[in-house]
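# Structural overview
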Amino acid sequence: MVISTEPAWKELVDGLGREYQDAVVYGDLEQETILHEGDVRLLANGWVELPTGRLLSPDAVHHIDT
C-alpha cells in the first residue's frame, strides 16, 4: 500500500477553482487600477492566482472582467 504525503484536501480545493483566459483584474470600481491582464485562476478561497504563481488577495481585487 502506498500512502501519499500530500494532504487530500489540496486536491479537492484545486478542483474548485475557476480559470479565465484574457481576463482583466481591477482593483477599483472605476476600472482605473489594473492589477493584471491575461490568464488568471480564481481559487475557492477568493484569492486570485497569476501564471507566475503570485497571489492577489481578495481584499485587493475589486472585480475580474472575463
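The coordinates are above.
Here the structure is a predicted model, which means the values were calculated and not measured.

## Focus: the environment of leucine 16
Tracing the backbone through its elements, the reader meets leucine 16 in the loop between α1 (8-14) and β1 (18-26). Leucine 16 sits in the exposed class, given a relative accessible area of 59%. Sequence separation between leucine 16 and alanine 44 is 28 residues, and the spatial gap between their C-alpha atoms is 5.6 Å.

## Describing the pairing of β1
Here β1 runs beside strand β2 (residues 34-42); their pairing, made up of 7 bridges, is antiparallel. Residue pairing in the sheet places valine 24 in a bridge with glutamate 37 of β2. Note that β1 and strand β5 (residues 63-65) share 3 bridges and pair antiparallel. Across the sheet, the residue bridging to valine 24 is aspartate 65, located in β5.

## Focus on the nonpolar core
Of all hydrophobic cores here, the largest spans 7 residues; its members are Ala23, Val25, Val40, Val48, Leu50, Leu56 and Val61. Setting aside chain neighbours within four positions, we find alanine 23 in contact with His36, Glu37, Gly38, Val40, Ile64, Asp65 and Thr66.

## Focus on the pattern of salt bridges
Under the counting rule described, the total for this entry stands at 1 salt bridge. The closest approach of N and O atoms between glutamate 19 and arginine 41, which form a salt bridge, is 3.7 Å. One end of the pair, glutamate 19, is in strand β1; the other, arginine 41, is in strand β2, and 22 residues separate them in sequence.

Parameters and conventions
Per chain, residues are indexed from 1 in the order of the written sequence. Totals for whole chains, interfaces and linings use all residues, but because this is a predicted model, local features are given only for residues with pLDDT of at least 70 and pairs of side-chain atoms are given and counted only at 80 or more. In computing side-chain values, all of the structure's heavy atoms are included and hydrogens and water are not. The secondary structure listing takes helices from DSSP runs of H or I that are at least 4 residues long and strands from runs of E that are at least 2 residues long, numbered from the N terminus. Only protein chains enter the accessibility calculation, which uses a 1.4 Å probe; a residue is then buried when its area is under 20% of its type maximum, exposed when over 50%, and partly exposed in between. For two strands to count as paired, DSSP must find a minimum of two bridges between them. The definition of a nonpolar core used throughout is a set of buried Ala, Val, Leu, Ile, Met, Phe, Trp, Tyr and Cys residues joined through side-chain atoms within 4.5 Å. Any two residues whose heavy atoms approach within 4.5 Å at even a single point are treated as in contact. Any Lys or Arg side-chain nitrogen located within 4 Å of an Asp or Glu carboxyl oxygen qualifies as a salt bridge.

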